[in-house]
Amino acid sequence: MNKVELLGRLTRDPELRTTSNGISVLSFSIAVDRRFKNKDGEKEVDFINCVAWRQTAEFISKYFTKGKMIAVCGTLQTRTWEEQDGKKRYAMDVLVEEAYFAGSSNDAKPKPQSTMEDIPEGFAPYDDGSEDDLPF
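These figures come from a predicted structure and were not determined experimentally.

How each quantity is defined
All residue numbers refer to position in the chain's written sequence, counted from 1. Only residues with pLDDT of at least 70 are given local features in this predicted model, and only at 80 or more are side-chain atom pairs given and counted; all residues enter the totals for whole chains, interfaces and linings. Water and hydrogen atoms play no part in the side-chain values, which are based on all heavy atoms of the structure. Labels follow the DSSP assignment, with helices taken as runs of H or I lasting at least four residues and strands as runs of E lasting at least two, numbered in each case from the N terminus. Here a polar contact is recorded for every N or O atom pair within 3.5 Å, except that within protein the pair must consist of a potential hydrogen donor and a potential acceptor, and residues adjacent in sequence are included only if both atoms are side-chain atoms. In what follows, residue pairs with any heavy atoms lying within 4.5 Å of each other are defined as contacts. Here's how the labels work: a residue is buried when its accessible area is under 20% of the maximum for its type, exposed when over 50%, partly exposed in between, all with a 1.4 Å probe on protein chains only. For two strands to count as paired, DSSP must find a minimum of two bridges between them. The working definition used for a salt bridge is a side-chain nitrogen of Lys or Arg within 4 Å of a carboxyl oxygen of Asp or Glu.

### A short note on the side chain of Ser-29
Then step 1. Among the secondary structure elements, Ser-29 is positioned in strand S3 (residues 24–37).
Then step 2. In terms of polar contacts, Ser-29 uses its side chain to reach the side chain of Thr-11, at 2.5 Å.
Then step 3. If near-sequence neighbours (up to four positions away) are discounted, Ser-29 is found in contact with Arg-9, Leu-10, Thr-11, Arg-12, Ile-48 and Asn-49.

### Considering the side chain of Ser-24
Then step 1. Tracing the sequence through the fold places Ser-24 in strand S3.
Then step 2. The class for Ser-24 is buried, based on a relative accessible area of 9%.
Then step 3. If sequence neighbours within four positions are ignored, Ser-24 has contacts with Leu-16, Arg-17, Ala-52, Trp-53, Arg-54, Ala-57 and Glu-58.

### Remarks on the pairing of strand S4 (residues 43–53)
Then step 1. Bridge count for S3 against S4 is 10 bridges, and the pairing is antiparallel. Across the sheet, Asp-33 pairs through a bridge with Val-45, a residue of S4.
Then step 2. Between S3 and S4, which pair antiparallel and follow one another directly, the connecting turn spans 5 residues, one of which, Gly-41, has a positive phi of 80 degrees.
Then step 3. As paired elements, S4 and strand S6 (residues 88–101) share 3 bridges and run parallel to each other. Residue pairing in the sheet places Val-51 in a bridge with Leu-95 of S6.

### Observations regarding the pattern of salt bridges
For side chains bearing opposite charge, pairing can occur when the charged atoms are close.
Then step 1. Applying the stated rule across the entire model yields 3 salt bridges.
Then step 2. For Arg-34, the salt bridge is made with Glu-44, and the minimal N-O distance between the two is 2.8 Å. In this pair, Arg-34 sits in strand S3 while Glu-44 sits in strand S4, placing the two residues 10 residues apart along the sequence.
Then step 3. Taking the relative accessible area as the measure of exposure, Arg-34 reaches 37% and is therefore partly exposed.
Then step 4. We classify Glu-44 as partly exposed; its relative accessible area is 30%.
Then step 5. Note that Arg-34 and Asp-46 form a salt bridge whose closest N and O atoms lie 2.8 Å from each other. Residue Arg-34 is located in strand S3, and its partner Asp-46 is located in strand S4; the two are separated by 12 residues in the primary sequence.
Then step 6. Classification of Asp-46 by relative accessible area gives partly exposed; the value is 28%.

What follows is the structure, given as structure tokens:
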């Protein structure tokens, strides 16, 4: 069975690309903490390369930025190629099939403050002056 589940933080802002056939693809990496500390008492981190396609790629691109926590599920795949000097190279990537929000709501970007331009036509701001009297 080939199944991978990871929880980590994006190492950079994802950049959505499109193939010549119009298919969305996203390559990104996440930093995943190891479960145990090293001999110096420090946590070590693994940087895992991931690839997402189609709607999954678009979802990640739209809602995740550098440093945001993400949970991914997928499969491990190996790529091989030959360099110009004849050396054979390989890389392992997680082919992301599912992606989930994993951070706290504190990780979310704050909503911008409302301005007068945000008030729909026909409505007016109401200020009864009691803001200073609120118990919270």
